[in-house]
Amino acid sequence: MANIYFSSPIMKHNVKVEAIVGKRDTLLGVARANNIKIPFECEDGECGSCLVKVIHLDGARIKGVTLTDKERNVLKSIGKLPKSEDERALVKDIPPTYRLACQTIVTDEDLLVEFSGDPGGS
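Given the structure is predicted, the values throughout are model-derived calculations rather than measurements.

Thresholds applied
- Residues numbered from 1 in each chain as written.
- Predicted model: local features only at pLDDT ≥ 70, side-chain atom pairs only at ≥ 80, totals over all residues.
- Heavy atoms only, no water.
- Helix = DSSP H or I, 4+ residues; strand = E, 2+ residues; numbered from the N terminus.
- Phe/Tyr/Trp six-rings, centres within 6.5 Å; stacked < 30°, edge-to-face > 60°.
- Lys NZ or Arg CZ within 6 Å of the ring centre and 35° of its normal.
- Buried < 20%, exposed > 50% of the residue type's maximum accessible area, 1.4 Å probe, protein only.
- Arc of directions from axis to C-beta.
- Pairing = 2+ DSSP bridges.
- Axes fitted to C-alpha atoms, helices over the stretch in contact; angles between N-to-C directions.
- Contact = heavy atoms within 4.5 Å.

Peer 1: Describe in detail the environment of D93, supporting the description with residues and values.
Peer 2: Along the chain, the position of D93 falls in the loop between α3 (83–92) and β4 (98–100). Sequence separation between D93 and E114 is 21 residues; the distance between their C-alpha atoms is 21 Å.

Quick look at the structure:
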C-alpha cells in the first residue's frame, strides 16, 4: 500500500489516497479513480499535459519507475528534465522531480504529487 498525497491550487485541500501497488496503476489512473482532476490529453506520454512534480516522502528509499523514452523526450522538450537529473535517472534509476502522471507507475512508497491545474504546468 502506498500513500499518495495530491496537492494543487485548484483543490480546496490536499487529498490523501491509498494506492494498491500490485495493480500497476499510473499516478493519473489513481487520481482519476479518486476524482482528482489532473489535466491530461493523450494519456500516452506524448503531449506533456499531465506534468506533475513528485516528491518522495520515504527519504532515501526512492523506488521510482524508470523513464520511458517517450517520457524522457517530452520532459526534455518542455525543459523539465535537467541534464543532472537525466543522468541520475539513467545511472542510478533515481527518478527526476517532474514526471508525466500518465507514465508514472505507483510503487510501494509514499509520494506528494503537486500539479498546477493547467495542462502542462507544474
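Read on, since the account is not over.
Peer 1: Tell me about the packing of aromatic side chains, and name the residues and values.
Peer 2: Under the counting rule described, the total for this entry stands at 0 aromatic pairs. The ring of Y98 has K80 sitting right over it, with the charged end atom 4.4 Å from the ring centre.

Peer 1: If you had to explain α3 to someone new, which residues and values would you point to?
Peer 2: Among the residues of α3, E85, D86 and A89 are the ones counted as buried. Each buried residue of α3 lies within a common arc of 105° when the element is viewed along its axis, so the set occupies one face. For α3, the exposed residues lying more than 90 degrees away from the buried face are K83, S84, V91 and K92. Two residues or fewer after α3 comes D93, characterised by a positive phi angle close to 55°.

Peer 1: Help me get a handle on the sheet that holds strand β3 (residues 51–56), residues and values and all.
Peer 2: Strand order in the open sheet formed by 5 strands is β2-β1-β5-β3-β4, with mixed pairing between adjacent strands. The open sheet is flanked by β2 (15–19) and β4, the only strands paired with a single partner. Shown here is a sheet whose adjacent strand axes are inclined to one another by a mean of 35°, direction ignored. Looking at chain direction, β3 and strand β5 (residues 111–114) are connected through 4 bridges and run antiparallel. Paired with K53 across the strands is E114, a residue of β5. Contacts from helix α2 (residues 69–77) reach β3 and β4 within the one sheet, and its direction differs from that of β4 by about 125°.

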